[in-house]
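Here is what each chain is made of, one letter per residue.
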Amino acid sequence: MTVQDEHIEVTTKTMGFVQAINSALDIALGSDPTVFALGEDIQEPGGGGFGVHKGLGAKYGENRVRPTPISEQAIMGAAIGAAIGGMRPVAEIMLMNFVHVCADQLINHAAKLRYMSGGRTPVPITVRTATGTGGGFGAQHSDMLEAILVHSPGLKVVVPSNPADAKGLLLSAIFDDDPCVFVEMTGLYFSAKGDVPVGDHRIPLGQAKIARPGTDVTILTYGRQVVDSLLAAETLSGHGIDVEVVDLRTLQPLDTDTILASVAKTGRAVVVHEAVRRNGFGAELAALLQEELWGRLAGPVVRVTAPNTPVPYASTLEQAYLPGPEKITAAARRLMKG
Amino acid sequence: MTSSDVTTAAPDAETQREMYRDAVRIKLFDERYLALMKSGAIGGMYYSPRGQEFCAVSVAANLRPDDYVVTIYRGLHDQIAKGVPLRELWAEYLGKSTGSCGGKGGPMHVTAPDYGLMVTTGVVGSGIPIANGLALSAHMLGQDRVTVVNFGDGATNIGAFHESLNLASIWRLPVVFVCQNNQYAEYTPLAKGTALSRISDRAASYSMPGVTVDGNDPVALYRVAGDAIERARSGGGPTLIEALTYRFNGHVIGDQQVYIPKDELARAIADDPVVKYRRQLIDAGLVAEADLDRIEADAAAEVADAAEFAMNSPWPAPESQATDVYAKETVG
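The shown structure was predicted, so the numbers you read here are calculated from the model rather than taken from an experiment.

## Topic: the overall build of chain B
Okay, so step 1: Helix and strand counts for chain B come out as eleven helices and eight strands.
Okay, so step 2: In summary, chain B has a C-alpha radius of gyration of 19 Å against a globular reference of 20 Å for 332 residues, a match within 12%.
Okay, so step 3: Once the C-alpha set of chain B is aligned to its principal axes, its extents read approximately 55 × 50 × 40 Å.
Okay, so step 4: In chain B, which comprises 332 residues, the share counted as buried stands at 53%.
Okay, so step 5: Contacts in chain B between residues at least 24 apart in sequence constitute 75% of all its contacts with a sequence separation of at least 6.

## Observations concerning the overall build of chain A
Okay, so step 1: Looking only at helices and strands, chain A has 13 helices and 15 strands in total.
Okay, so step 2: By the compact-globule yardstick of 20 Å for 338 residues, chain A fits well, its C-alpha radius of gyration being 20 Å.
Okay, so step 3: Dimensions along the principal axes, computed over C-alpha positions, put chain A at roughly 60 × 45 × 45 Å.
Okay, so step 4: Within chain A, contacts between residues at least 6 apart in sequence are counted, and of these 78% link residues at least 24 apart.

## Points about the interface of chain A and chain B
Okay, so step 1: Contacts between chain A and chain B engage 38 residues on the former and 34 residues on the latter.
Okay, so step 2: Contributing elements (two or more residues each) for the side of chain A that touches chain B: helix 3 (72-84), helix 4 (103-110) and helix 5 (113-116) of chain A.
Okay, so step 3: If one sorts the elements of the side of chain A that touches chain B by residue count, helix 3 of chain A sits on top with ten residues.

## Quick word on the domain arrangement of chain A
Residue and element names in this part refer to chain A.
Okay, so step 1: Taken domain by domain, chain A comprises domain 1 (11-197) and domain 2 (209-337).
Okay, so step 2: Relative to domain 2, the C-alpha centre of domain 1 lies at a distance of 26 Å.
Okay, so step 3: In this complex, domain 1 contributes 26 residues to the contact, which on the side of domain 2 involves 24 residues.
Okay, so step 4: Elements with a contribution of two residues or more to the side of domain 1 that touches domain 2: helix 6 (146-150), strand 7 (156-158), helix 7 (163-174), strand 8 (180-185) and helix 8 (186-189).
Okay, so step 5: Residue classes in the side of domain 1 that touches domain 2 are distributed as 14 nonpolar, eight polar and four charged.

## Topic: the pairing of strand 5 (residues 88-95) of chain A
Every regular strand shows the same layout, with side chains that alternate between the two sheet faces.
Residues and elements named next belong to chain A.
Okay, so step 1: Within strand 5, eight of the eight residues are buried, leaving the element largely enclosed by the surrounding structure.
Okay, so step 2: Judged from the five bridges that link them, strand 3 (residues 35-40) and strand 5 form a sheet pairing that is parallel. Paired with G39 across the two strands is E92, which belongs to strand 5.
Okay, so step 3: Relative to strand 6 (residues 126-131), strand 5 runs parallel, the two sharing five bridges. Bridging across to strand 6, E92 finds its partner in R128.

## Concerning the nonpolar core
Okay, so step 1: In terms of nonpolar packing, the biggest core is built from 203 residues, with A79, I219 and V270 of chain A together with V176, F177 and I241 of chain B touching the most fellow members.
Okay, so step 2: The two domains that each donate at least three residues to this core are domain 1 (11-197) and domain 2 (209-337) of chain A.

## Some words on the packing of helix 1 (residues 13-39) of chain B against helix 11 (residues 289-312) of chain B
Residues and elements named next belong to chain B.
Okay, so step 1: Contact geometry of helix 1 with helix 11 gives a least axis separation of 9 Å together with a crossing angle of 45°. With respect to each other, helix 1 and helix 11 are oriented oblique. The way helix 1 lies across helix 11 gives a crossing that is right-handed. Contacts between helix 1 and helix 11 involve Y20, R21, V24, R25, L28, F29 and R32 from the former and L292, I295, E296, A299, A300, E302, V303 and A307 from the latter.
Okay, so step 2: Tallied by class, the residues present in the contact of helix 1 with helix 11 amount to ten nonpolar, no polar and five charged.

## So, the environment of F190 of chain A
All names here are of chain A.
Okay, so step 1: Checked against the element boundaries, F190 lands in the loop between helix 8 and strand 9 (193-197).
Okay, so step 2: On the basis of neighbour counts, which here come to 12 C-beta atoms within 10 Å, the residue F190 falls in the exposed class.
Okay, so step 3: The spacing of F190 and F50 is 140 residues in sequence and 9.9 Å in space, taken between C-alpha atoms.

## Description of helix 4 of chain A
Okay, so step 1: Burial analysis of helix 4 of chain A places six of its eight residues in the buried class, the great majority of the element.
Okay, so step 2: Listed in full, the buried residues belonging to helix 4 of chain A are D104, Q105, L106, I107, H109 and A110 of chain A.
Okay, so step 3: Along its buried surface, helix 4 of chain A packs onto helix 3, helix 5 and strand 6 of chain A together with helix 5 (127-140) of chain B.

## Some remarks on the environment of G133 of chain B
Okay, so step 1: Looking at the element boundaries, G133 of chain B is found in helix 5.
Okay, so step 2: Considering only alpha carbons, one finds G133 of chain B and Y115 of chain B, 18 residues apart in sequence, at a separation of 18 Å.
Okay, so step 3: With residues near it in sequence (within four places) discarded, G133 of chain B still touches G77, A78, A79, I80, G81, A82 and G85 of chain A.

## Description of helix 6 (residues 159-170) of chain B
Okay, so step 1: Across its twelve residues, helix 6 of chain B extends 17 Å between first and last C-alpha, which sits within 8% of the 16 Å expected from 1.5 Å per residue.
Okay, so step 2: Taken as a whole, helix 6 of chain B has its buried residues at A160, F161, E163, S164, L165, L167 and A168 of chain B.
Okay, so step 3: On the buried face of helix 6 of chain B, the contacting elements are strand 4 (65-68) and helix 3 of chain A together with helix 5, strand 4 (175-181) and strand 8 (239-244) of chain B.
Okay, so step 4: Note on helix 6 of chain B: the residue one or two positions beyond its end, R172 of chain B, has a positive phi of about 50°.

## Considerations on unusual backbone geometry
Okay, so step 1: Of the consecutive residues E44 of chain A and P45 of chain A, the connecting peptide bond is found in the cis state with omega at 0°.
Okay, so step 2: Structurally, P45 of chain A is set in the loop between strand 3 and helix 2 (56-60).
Okay, so step 3: That bond from Q252 of chain A to P253 of chain A is cis: its omega, 0°, falls within 30 degrees of zero.
Okay, so step 4: Here the phi dihedral of E186 of chain B falls at roughly 55°; this positive angle occurs in a residue that is not glycine.
Okay, so step 5: Here E186 of chain B lies in the loop between strand 5 (184-185) and strand 6 (188-189).
Okay, so step 6: Positive phi, close to 75°, is recorded for D324 of chain B, a residue that is not glycine.

## A short note on the sheet that holds strand 15 (residues 302-306) of chain A
Residue and element names in this part refer to chain A.
Okay, so step 1: Reading across the sheet, the five strands line up as 10-12-11-14-15 and stay open at both edges, with mixed pairing between neighbours. The outermost strands of the open sheet, each flanked by one partner alone, are strand 10 (209-212) and strand 15. Going from strand to strand, the sheet's axes swing by 25° on average, the running direction of each strand aside.
Okay, so step 2: Inspection of the sheet shows strand 10 paired to strand 12 (residues 243-247) by three bridges, in the antiparallel sense. Looking at the pairing, R212 lines up with V245 of strand 12.
Okay, so step 3: Together, strand 11 (217-221), strand 14 (269-276) and strand 15 form the strand contacts of helix 11 (residues 281-293), whose direction differs from that of strand 14 by roughly 155°.

## Describing the environment of A139 of chain A
Residue and element names in this part refer to chain A.
Okay, so step 1: Here A139 lies in the loop between strand 6 and helix 6.
Okay, so step 2: Exposure remark for A139: the 13 C-beta atoms within 10 Å place this residue in the partly exposed category.
Okay, so step 3: The spatial distance from the C-alpha of A139 to the C-alpha of P312 is 5.9 Å, given a sequence separation of 173 residues.

The rules behind these values
- Residues numbered from 1 in each chain as written.
- Chains lettered and ligands numbered in written order.
- Predicted model: local features only at pLDDT ≥ 70, side-chain atom pairs only at ≥ 80, totals over all residues.
- Helix = DSSP H or I, 4+ residues; strand = E, 2+ residues; numbered from the N terminus.
- Rg over C-alpha atoms; globule rule 2.2 N^0.38 Å.
- Buried ≥ 20, exposed ≤ 12 C-beta atoms within 10 Å, placed from the backbone.
- Contact = placed C-beta atoms within 7 Å.
- Domains from an automatic or database assignment.
- Nonpolar A, V, L, I, M, F, W, Y, C, P; charged D, E, K, R; others polar.
- Pairing = 2+ DSSP bridges.
- Core = buried A, V, L, I, M, F, W, Y, C linked by C-beta atoms within 7 Å.
- Axes fitted to C-alpha atoms, helices over the stretch in contact; angles between N-to-C directions.
- Parallel < 35°, antiparallel > 145°, perpendicular 65-115°, else oblique.
- Left-handed = near helix turned anticlockwise from the far one by under 90°.
- Expected span 1.5 Å × (residues − 1).

In structure tokens, the structure reads:
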């Protein structure tokens, strides 16, 4: 099928999240010889922990789709050094919790080497990493750590919510000249299918998307919680509440223009994220809104987040932990009642 | 493997003359910088490499300008030996706008890609994984350049060291790991923090050659490094070199060295490798004493010029504080 997208007619194909990422990697590897992938288990036939690289090892060979030992510091360092040397590495850190294992390389080095060198050593790496609650992965395989990364100047942070965005944002990240962390929420891996543009279709970093227009209250969210927020918006429309859902798509750079325009219009904001509440990205958004829209808000900025606990294992506990559609609906209704 | 297996020939007289010249440039830069710090004219942190000159010079004498070097906060000798001009080096140490990084890096983060000095890290051992990446880029881009990464004995207890040697070995990367074993990891003697006495033995765990050599013997280290660099360049994979040395000025400026036996330090200083090499060059008839005198006078003048240039250079404009964070500065 074809759809109108940003005034350009593009051909699309229905695919899932994993396939969309695979497609972006395929296009990047196929179009630029400096692009290469590295990570644990990414060789054939499995193509990595979640199969994202399936078929790419056979197509591009082990020199460019490069399996590594379980050595996150060595993986991240190899990506950084190769980037300084003129390559565009796409490193897979299997799960986001393992970013802590190589935080020195990512935060002390990738993020800062451009700055510390006065611009002489850019680090155009992309770090893909999967995470999220809901699959029974427990406390060390599920954390959302985006706030730590956004708190590290020099990094860019991307959290896509659907297959088309995943492909378009990943291509932009790979060809961006700064280090980008690309967060793939496992809850989206095998659920959401969507129409994904065929070919080298890029979505610029730093542009939020109005996922649903509305007039009464703005939900600011990203990743899997866009899906939950759209479900909540449906329920809320049955209560006569017209919700605007803003999919931030990238947290750094942050599209403050779209955020402020939406909240200025509705006067009310609910921030939704899967990361824990304390010092989460929602706190930054709430601060931004009070700084920029003081006096124009009809109520306090409300946060719907995970509680300040580690991620639990049992499915009943996972559901208690997650900021699902019911919690989002309830928060928006409370805000509207004032 | 032992240092007696080496095939690289001893450097010719001209090369040895240049090695001495670089060692003197390092020594005089360090001595003047320390003197200015002690007088209060210069502030900040400084990690003197005095005593370790040849660990840098003898390795770099085997490198091409387009080869890569990665070093650490005690990196002045590596930076000078790789060819970073003294003016922009001194200016960066002072944080001036004319420094190699425009004053944003400082001594712990000197970067000068024009001369192949790619990364200076302030985190012990952290340059080692990055060196692998530089070596990988050369391999993937079909370049025959070699990457040398310098670090201390303490860095070999960092997890990243072990991850990196393993990865370099399985990928046969064109990288040379140079451990400048100066006997102390910050304030802790080697034996107290390291489970073996011969660091090059660690190479065996990663199926790569490891060799221990007297890092204060300029010719011996030159030959060992020559072999390792040639092996890396010709696709033979990585090597771990342990260069035995000693630091004269403790860990950092202000270190009173109370943890170092006085006679041990006195012996090391009495055996100053730069002074000793001078005598060797004369005795072997390789360089005339008058020539060495001239080299020293030229180096002193060059150091004085660099110091003056740096002192008289402007500070970075405050507006530049927020630039160079991202490729496009519009990103907030």
